[in-house]
Number of protein chains: 2
Amino acid sequence: MSINYPITTVNGLNVNHVPVSDRGLAYGDGLFETMLIVREDIPLWPLHHERLLKGLVRLQIAVESQRIRHVIDTALEAAKDVPADLLILKLIVTRGESSRGYQVDSSVHSTLITQLSPLVLDVNKHEGVHVHCCEHVLMPIAWAGLKTLNQLPYVLAAQERSHTHFDEGLLFTAEGELIEATARNIFIVKDDKIVTPIIDQCGVAGVMRQNIANKIAVQIGVEVIEQRLYKEDLFSADEVFLANSISGIWPVIECEKQRWLIGPITRSLQAMCHGVFIGNT
Amino acid sequence: MSINYPITTVNGLNVNHVPVSDRGLAYGDGLFETMLIVREDIPLWPLHHERLLKGLVRLQIAVESQRIRHVIDTALEAAKDVPADLLILKLIVTRGESSRGYQVDSSVHSTLITQLSPLVLDVNKHEGVHVHCCEHVLMPIAWAGLKTLNQLPYVLAAQERSHTHFDEGLLFTAEGELIEATARNIFIVKDDKIVTPIIDQCGVAGVMRQNIANKIAVQIGVEVIEQRLYKEDLFSADEVFLANSISGIWPVIECEKQRWLIGPITRSLQAMCHGVFIGNT
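Trainee: Quick rundown of the overall build of chain A? Include the residues and the values.
Mentor: Along the backbone of chain A there are seven helices and 15 strands. Taking 19 Å as the expected radius of gyration for a compact globule of 281 residues, we find that chain A reaches 19 Å, a close match to that expectation. Seen through its principal axes, chain A has C-alpha atoms that stretch 55 × 40 × 35 Å. Within chain A, the proportion of its 281 residues that are buried is 57%. Within chain A, residue pairs in contact and separated by at least 24 positions form 73% of the contacts whose partners lie at least 6 positions apart. Working note: accessible area of chain A is about 11900 Å², and carbon and sulfur atoms make up 50% of it.

Trainee: So what's going on with helix α5 (residues 207-219) of chain A? Which residues, and what values?
Mentor: All names here are of chain A. Between its terminal C-alpha atoms α5 stretches 17 Å, which fits the 18 Å expected from 13 residues at 1.5 Å a residue. The sharpest bend along α5 measures roughly 45° and falls at A213. For α5, the complete set of buried residues consists of V207, M208, R209, N211, I212, I216 and A217. Directly after α5, the chain includes G221, whose backbone phi takes a positive value near 75°.

Trainee: If you had to explain the pattern of salt bridges to someone new, which residues and values would you point to?
Mentor: Under the defined criterion, the tally for this structure stands at 30 salt bridges over all chains. One network of salt bridges, in which partners are shared, links R23, D29 and R95 of chain A.

Trainee: I'd like a description of the relation of the copies chain A and chain B, backed by residues and values.
Mentor: The pair of chain copies shares a relation made of a rotation about an axis and a shift along it. At an RMSD of 0.0 Å, chain A and chain B line up after a rotation of 180° and a shift of 0.0 Å along the axis. Taken together, these values place the two copies in the relation of a two-fold axis. Across chain A, the rotation axis passes nearest the C-alpha of L25 of chain A, at a separation of 2.1 Å. Here 100% of the interface residues in chain A have copies in chain B that are interface residues too; the copies meet face to matching face.

Trainee: If you had to explain the environment of N14 of chain A to someone new, which residues and values would you point to?
Mentor: Residue and element names in this part refer to chain A. Tracing the chain through its elements places N14 in the loop between β1 (7-10) and β2 (17-19). Through-space distance from the C-alpha of N14 to that of T114 is 9.8 Å; in sequence the pair is 100 residues apart. Sequence-distant contacts of N14, that is, excluding residues within four places in its chain, are made with T8 and T9.

Trainee: Could you give an account of the side chain of T111 of chain B, naming the residues involved and the relevant values?
Mentor: All names here are of chain B. Along the chain, T111 falls in strand β5 (residues 111-118). Among the residues examined, T111 registers a relative accessible area of 6% and is labelled buried. Side chain to side chain, T111 and D22 meet in a polar contact 2.7 Å long. Non-local contacts of T111, meaning those with residues more than four positions away in its chain, are made with V10, N11, D22, I92, V93, T94, R95, G96 and E97.

Trainee: Can you explain the sheet that holds strand β3 (residues 30-38) of chain A? Please cite residues and give values.
Mentor: Residues and elements named next belong to chain A. Strand order in the open sheet formed by four strands is β1-β5-β4-β3, and the pairing between neighbours is antiparallel. Here the strands that pair on one side only, and so sit at the sheet edges, are β1 and β3. For this sheet, the mean angle separating the axes of adjacent strands, direction not counted, is 15°. Strand direction decides the pairing type here: β1 and strand β5 (residues 111-118), joined by four bridges, are antiparallel.

Trainee: Go over the pairing of strand β7 (residues 168-173) of chain A, please, and point to the residues and values.
Mentor: A regular strand places its side chains so that they alternate between the two faces of the sheet. All names here are of chain A. Counted residue by residue, β7 has six buried out of six residues, so it is predominantly covered. Because side chains alternate across β7, one face comprises the buried residues E168, L170 and F172, and the other comprises G169, L171 and T173, equally buried. Once you follow strand β6 (residues 129-138) into helix α4 (residues 152-159) and on to β7, the crossover reads as right-handed. Strand direction decides the pairing type here: β7 and strand β8 (residues 177-181), joined by three bridges, are antiparallel. Along β8, the bridge assignment pairs L170 with A181. In textbook terms, the turn of a hairpin is the stretch between consecutive antiparallel strands, and for β7 and β8 this stretch comprises three residues, one of which, G176, has a positive phi near 90°.

Trainee: Describe the sheet that holds strand β4 (residues 86-94) of chain B, and please don't skip the residues or the numbers.
Mentor: All names here are of chain B. As summarised here, the arrangement of the four strands in space is β1-β5-β4-β3, forming an open sheet in which the pairing is antiparallel. Sheet topology places β1 (7-10) and β3 (30-38) at the edges, where each strand pairs with a single neighbour. The sheet shows a mean angle of 15° between the axes of neighbouring strands, taken without regard to direction. Across the sheet, helix α2 (residues 45-59) touches β3 and β4, and the angle it forms with β3 is around 175°. Strands in contact with helix α3 (residues 65-79) are β3, β4 and β5; relative to β5, the strand with the most contacts, it is inclined by about 20°.

Trainee: Can you break down α3 of chain B residue by residue, with the values?
Mentor: For α3 of chain B, built from 15 residues, the straight-helix expectation of 21 Å at 1.5 Å per residue is met to within 8% by its first-to-last C-alpha distance of 21 Å. Each element contacted by the buried residues of α3 of chain B is listed here: β3, α2, β4 and β5 of chain B.

Each value, and the rule that gives it
Here the residue index of a chain counts from 1 through its sequence in written order. By the order in which they are written, chains take letters starting at A while ligands take numbers starting at 1. This being a predicted model, a pLDDT of at least 70 is required before a residue's local features are given, and a value of 80 or more before pairs of side-chain atoms are given or counted; all residues contribute to the totals for chains, interfaces and linings. By convention in this description, side-chain values take in all heavy atoms of the structure and omit both hydrogens and water. A run of DSSP states H or I qualifies as a helix once it reaches four residues; a run of E qualifies as a strand once it reaches two. Both are numbered from the N-terminal end. Here the globule rule is a power law, 2.2 Å times the number of residues to the power 0.38, and the radius of gyration is based on C-alpha atoms. Only protein chains enter the area calculation, which uses a 1.4 Å probe; residues under 20% of their type maximum are buried, those over 50% are exposed, and those in between are partly exposed. Residue contacts are defined here by distance: any two heavy atoms, one from each residue, within 4.5 Å place the two residues in contact. Residue exposure ignores everything except the shown protein chains as possible cover, and the areas themselves are Shrake-Rupley values with a 1.4 Å probe. Expected helix span is given by 1.5 Å per residue-to-residue step, counting one fewer step than there are residues. A residue's bend is simply the angle between two axes: one fitted to the seven residues ending at it, one to the seven starting at it. The working definition used for a salt bridge is a side-chain nitrogen of Lys or Arg within 4 Å of a carboxyl oxygen of Asp or Glu. Superposition of the copies was done by least squares, using only C-alpha atoms of residues whose pLDDT is at least 70 in both. Two N or O atoms count as a polar contact when they lie within 3.5 Å, although within protein this holds only if one can serve as hydrogen donor and the other as acceptor, and sequence-adjacent residues are included solely when both atoms are side-chain atoms. Paired strands, in this sense, are two strands between which DSSP finds at least two bridges. Note on geometry: axes are lines fitted to C-alpha atoms, helical ones only across the stretch in contact, with angles between N-to-C directions running from 0 to 180 degrees. A clockwise course of the path from the first strand over the helix to the second, judged with the strands pointing away from the viewer, identifies a crossover as right-handed.

Okay, here's the thing in structure tokens:
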């Protein structure tokens, strides 16, 4: 019997739809996490969970922690039946169903959605990607760092590389500050240090970004610094790479005719990061 | 037999749910219009339609115009069976279903959703409302004026008046520019002219705002000016009112201990606007 992916649950039930009156649809009133499952486990779960909890506090969405635990456990159980080494689990939490209007009464009950599917890693991208600088600029947001369901800026930015050969697009603020790529954080290597943009006005504080700073870079003995970066910092960098928790580390080998080789720090991080993917962390 | 409201259709079918993989839920990748139905007609349809089309162009969402016409006609037909003088019709257009990722291939097919329900006008509000100034500040957005499904700023702002007696909250930019209320545009009267904020960096360009500027104010012989406004303009105004296409004109009678009487221009506009509600336009 063939399985249709993603395998979806809504509030623990095996359905693949939500009511139209769910505020996730109406207003983007919710959060999400996209997570890698390796050998029936989510290696970066503590970091995903931490960001999700921060988001729930910021948006004032109430979810009992045992409900989150339950849907994750259910998804991990379902993952056992999927014939793939790597899987993706997307968790969406919305404020729930309500009648029309931005205000909501205290009876609202949050919606927990999981989507599970096999992941086929595009290993070519680990040998280098071509990126462009998006014309779409990132504006400040009141939920910098978090992953809400208000993701139009990234949809608009990603549209720019339709019908191009680019693998990713880099995002800047109106003031020219480099922030991230459309679905990844960015890192440059300069003088043997890793530098990544400060995520305080806009952008997503990626779980892999945090894992690199707290763990992987430490393991290879390289310091990670958060700093405001501009285009000139990018173009004078020794190495440039992108990272997220699903596809790992992508070395950037070209942007606007500037070319980079895949440097030793990027390669070391990739080797360490590979441990996450094969479950050796 | 009792009817459950809202009466919902998705792509013309009588269902009240959408797939979890709809991008409206995943990313807020869509638009909406909330419209008043009076005697089986939408008096402000041309203005709603115009803003919707602008939004579709901005987001590059393709919808055949006959599909929009069809779902509106179907909703108006269904409205005949609802025992109420005034009804609300909410139309949601999303980019449609896709697999994970911000980018989308050209096979995506937009989703059209309608929600129909009776409206009970809160006539008390037409005798004056109490508002507060929100602490949440509006940030610039790349879709100023439009009504996308990325509405978290209004959700966060509306939360501030939970457990208060306020009817609405006023929204300012970080620079102190007055923009709108959480679900309404704002207008002040000064020296017998109506002034409303410029909506170019953030905010929603309301259909009723446009109707007042283009038609209702003209009919009472008062000029409407778009101008940058600040708190001091608000507090030195002769009259203040809020308006949207569902609830009409709400005179503001109190904000931060400042009190206003309901002035002659607000009353005249209300009288003209009443024509819209009773179908005499």
